[in-house]
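Single-letter residue listing:
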Amino acid sequence: MSLNLKEAVDSRRTFAIISHPDAGKTTITEQLLLFGGAIRQAGTVKGKKTGNFAKSDWMEIEKQRGISVTSSVMQFDYDGKRVNILDTPGHEDFSEDTYRTLMAVDAAVMVVDSAKGIEAQTKKLFQVCRMRGIPIFTFMNKLDRDGREPLDLLAELEEVLEIESYPMNWPIGMGKGLEGLYDVYHKRVELHRPEKYDGERFIELNEDGDIPADHPLHKDSVYTQAMEDVELLTEAGNEFSEERIAEGKLTPVFFGSALTNFGVQTFLETFLQFAPKPSAHKTLAEETVSPYEKEFSGFVFKIQANMNPAHRDRIAFIRVCSGEFERGMDVFLERTGKKFKLTNSTQFMADSRETVESAVAGDIIGLYDTGNYQIGDTLYSGKMKVAYEELPQFTPELFMKVTAKNVMKQKSFHKGMDQLVQEGAIQLYKTILTEDYIIGAVGQLQFEVFQHRMLNEYNTEVILTPMGNKTARWINEEDLDERMSSSRNILVKDRYNQPLFLFENQFAMRWFADKYPDVELKALL
Ligand code: GDP
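If you're wondering where the values come from, they're calculated on a predicted model, not measured in any experiment. (Residues numbered from 1 in each chain as written. Predicted model: local features only at pLDDT ≥ 70, side-chain atom pairs only at ≥ 80, totals over all residues.)

What follows is about the site of the ligand. Lining the immediate surroundings of the ligand are 15 residues, of which Gly24, Lys25, Thr26, Thr27 and Leu259 lie closest. Considering each element in turn, the shell around the ligand owes the most residues, three residues, to helix 2 (residues 25–36). Its residues assigned to classes, the shell around the ligand shows four nonpolar, six polar and five charged. (Near = placed C-beta within 6 Å. Helix = DSSP H or I, 4+ residues; strand = E, 2+ residues; numbered from the N terminus. Nonpolar A, V, L, I, M, F, W, Y, C, P; charged D, E, K, R; others polar.)

Take a look at the structure:
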């Protein structure tokens, strides 16, 4: 082995940034990459905005397609740490892959627009993180604009997400009147416009937690207000606890402005201090595998199909859970026992390096795939024979009826559907009475990918009939009674033959729950 495995693993910090569209995820990602020196110029993350593409093959493919479905991985070094940021696509790119990406990270950063507070998509992604019990760090963004009162934002965060919060710093003013951050954790004030004062960015706090009385900011009403808030929080707020952060029960909150690059570096440095290094990963047999185990192992958390008909290949994203990956090594696919030589690997970075030569536990690698891998697959080297725990399924919210346009194509229609469902691209249901096919997704993009791939990979044109949003709830098999079906719900079975209702809306679901109080209604996640 060419490197000190433990040292290399311990330096990894692998996380995702979660947010509602437009909260500033891209902007903050770019700032982080700039600090890490991974890219020379901001604007290369979302290539479509600037026409400035990162140079990996995959990005090239995306450019041809014009839309981005890549949950790309960006890597950089900072302060002796190797940072891996996994992108979680939002907007029209939101899909189950966005959720599954969260299965491959050790921590999450939640970016919140301070004028808007906790929004719908943030809440959904947060719940997946909580289910995993990973630490969650909050960045309240857009402080350069007039937003909501910081105390209000904290209260909402705690109430809506049911998590404790601990402000690591506190805004001194906001919008045009933003003067700085009262940094509770570092015991200093960070100035927004140091040039307005003596040019120093930081003012150390004295023993009373105050800035020197002769500082011009001292008499400013925004400073007095910030001090009052901080005092209140010190008395009535939560206590800082590294342990509770690690358990995902307390979120450290940072304020700042990604656009004006204010508070981002402080955030990065503090985050890296508390973000966890890769830990042992759970197996199907409820054991764990240490990341320092010398044999390589990892699992597939996402498969990205190429939508360009000229390229059939796909990319399987692997989270490395133990050992070291080396290009050209032999690995086994646990599900089939088949052996592969891993020559075509790539790592998604926002710089020009394309091929990854080695990676260790905590890193993400992308493998070119011609159809061998499925989501949730485990790969391992040597005699490890490990199978990692299954990835969860997520409750779909959007549904479409699906049929083959050409009835003569039934065989390829079924084959394509089987494979795409198995791969995790889409979820499939059958109506109980008529055996009609219904597909479900968490984002519109999944349908588009499905339709495109059915045509290009299985030569089948499918007709999708939108059914709109539905509230899906599973029931126990013994409760199944076809008479419970009505015009406001559809009774279907999933691919494991488990019955569920697709309710027209929440109202229809509650009506049902009232009528059949003994029937347990279950959501996946
Ligand atoms: P994403 O959808 O979460 O990736 O959001 P973007 O990073 O693309 O940002 C959405 C919009 O908000 C863009 O117009 C950004 O310039 C803007 N934005 C991001 N961060 C800030 C900020 O700190 N302050 C202000 N005023 N605007 C911001």
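Moving on, there is more to tell.
Here the focus is the packing of helix 2 against helix 10 (residues 264–274). Contact pair helix 2 / helix 10: the axes reach a minimum separation of 10 Å and the direction vectors enclose 70 degrees. Relative to helix 10, the element helix 2 is oriented roughly perpendicular. Mapping the contact onto sequence places Ile28, Gln31, Leu32 and Phe35 in helix 2 and Val264, Gln265 and Leu268 in helix 10. Looking at the contact of helix 2 with helix 10, its residues break down into five nonpolar, two polar and no charged. (Axes fitted to C-alpha atoms, helices over the stretch in contact; angles between N-to-C directions. Parallel < 35°, antiparallel > 145°, perpendicular 65-115°, else oblique. Contact = placed C-beta atoms within 7 Å.)

Taken together, seven strands build an open sheet; the order of strands is 2-3-1-4-5-11-6 and the sheet is mixed. Edge positions in the sheet fall to strand 2 (73–78) and strand 6 (164–167), since each has one partner strand and no second. Taking each pair of neighbouring strands and ignoring which way they run, the sheet shows an average axis angle of 30 degrees. When strand 5 (residues 136–141) meets strand 11 (residues 250–255), the two strands line up parallel, connected through three bridges. When the bridges of strand 11 are listed, Thr138 appears paired with Val253. Where helix 2 meets the sheet, its contacts fall on strand 1 (12–19), strand 2, strand 3 (81–86), strand 4 (107–113) and strand 5, and the angle it forms with strand 2 comes to roughly 40 degrees. (Pairing = 2+ DSSP bridges.)

Okay, unusual backbone geometry next. Peptide bonds are mostly trans, and most non-glycine residues show a negative phi. Positive phi outside glycine occurs at Asp79, with the angle close to 55 degrees. Within the secondary structure, Asp79 is located in the loop between strand 2 and strand 3. Unusually for a residue other than glycine, Asn497 sits at a positive phi of about 70 degrees. If you trace the backbone, Asn497 turns up in the loop between strand 28 (489–494) and strand 29 (499–503).

With that settled, the discussion passes to the nonpolar core. With 132 residues, the main nonpolar core has Ala108 and Ile318 as its most contacted residues. Not counting the four nearest positions on each side in its chain, Ile318 is found in contact with Gly298, Phe299, Val300, Ile364, Ile365, Leu367 and Leu379. (Core = buried A, V, L, I, M, F, W, Y, C linked by C-beta atoms within 7 Å. Buried ≥ 20, exposed ≤ 12 C-beta atoms within 10 Å, placed from the backbone.)

Right, let's talk about the sheet that holds strand 7 (residues 169–172) for a bit. Pairing within the open sheet is antiparallel, and its four strands lie in the order 7-8-9-10. The outermost strands of the open sheet, each flanked by one partner alone, are strand 7 and strand 10 (202–204). Each adjacent strand pair in this sheet contributes to an overall mean axis angle of 20 degrees, direction not counted. Here strand 9 (residues 188–191) runs beside strand 10; their pairing, made up of three bridges, is antiparallel. Across the sheet, residue Arg188 finds its bridge partner in strand 10, namely Glu204. Contacts from helix 8 (residues 221–236) reach strand 7 and strand 8 (180–183) within the one sheet, and its direction differs from that of strand 7 by about 150 degrees.

Once that is clear, we can look at helix 11 (residues 410–423). Between its terminal C-alpha atoms helix 11 stretches 20 Å, which fits the 20 Å expected from 14 residues at 1.5 Å a residue. Residues of helix 11 that are buried in the fold lie against strand 23 (398–404), strand 24 (427–431) and helix 12 (444–458). A positive phi of about 95 degrees marks Gly424, the residue just after helix 11. (Expected span 1.5 Å × (residues − 1).)

In this model helix 12 runs 21 Å from its N-terminal to its C-terminal C-alpha over 15 residues, within 8% of the 21 Å that 1.5 Å per residue would give. Leu445, Gln446, Phe447, Val449, Phe450, Arg453, Met454 and Tyr458 are the residues of helix 12 that are buried. Where helix 12 is buried, its residues meet helix 5 (96–101), strand 14 (297–305), strand 23, helix 11, strand 25 (437–441) and strand 26 (462–469). Backbone geometry just downstream of helix 12 places Asn459 in the positive-phi region, at approximately 55 degrees.

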